[in-house]
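Observations on chain architecture
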Amino acid sequence: SPTMGRLEVVDDRTCRLETGGHSLDSLAAWILHIGVDFEVTDPPELCERLRFLGDRMLRAAGAATVPR
């Protein structure tokens, strides 16, 4: 939806989504639900939150955390 953010074509295989959310957790969940690979460029706090949530999901699945 256009109200959820702005989507910009970068090249034939890449686009940029500028969006926001009420919290880092809700933003992380929304991005994950899109169902495509992605890279966060800003804010760095979202990257930290995704790492935390990713570790939590790995533990829930019985996997060890991924070393950094």
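The structure presented is a predicted model; accordingly, all values stated were derived computationally and were not measured.

In this section: the pairing of strand β2 (residues 15-19). Where strand β1 (residues 5-9) meets β2, five bridges bridge the pair, whose relative direction is antiparallel. Within β2, the residue paired with V9 across the bridge is C15. Counting the residues that bridge the hairpin from β1 to β2 gives five residues.

Applying the stated rule across the entire model yields three salt bridges. Between R16 and E8 there is a salt bridge, with its nearest N and O atoms 3.4 Å apart. D25 is the partner of R49 in a salt bridge, and the nearest nitrogen-oxygen pair spans 2.5 Å. Of this pair, R49 sits in helix α2 (residues 44-60) while D25 is found in helix α1 (residues 24-34), placing the two residues 24 residues apart along the sequence.

Before going further, it helps to spend a moment on α1. Along α1, the residues classified as buried are L27, A28 and I31. What you see down the axis of α1 is that its buried residues fit within an arc of 100°, all on one side. The inward-facing, buried residues of α1 abut β2 and α2. Phi turns positive one or two residues past the end of α1, at G35, with a value near 85°.

Scoring rules and cut-offs
- Residues numbered from 1 in each chain as written.
- Predicted model: local features only at pLDDT ≥ 70, side-chain atom pairs only at ≥ 80, totals over all residues.
- Heavy atoms only, no water.
- Pairing = 2+ DSSP bridges.
- Helix = DSSP H or I, 4+ residues; strand = E, 2+ residues; numbered from the N terminus.
- Salt bridge = Lys/Arg side-chain N within 4 Å of Asp/Glu carboxyl O.
- Buried < 20%, exposed > 50% of the residue type's maximum accessible area, 1.4 Å probe, protein only.
- Arc of directions from axis to C-beta.
- Contact = heavy atoms within 4.5 Å.

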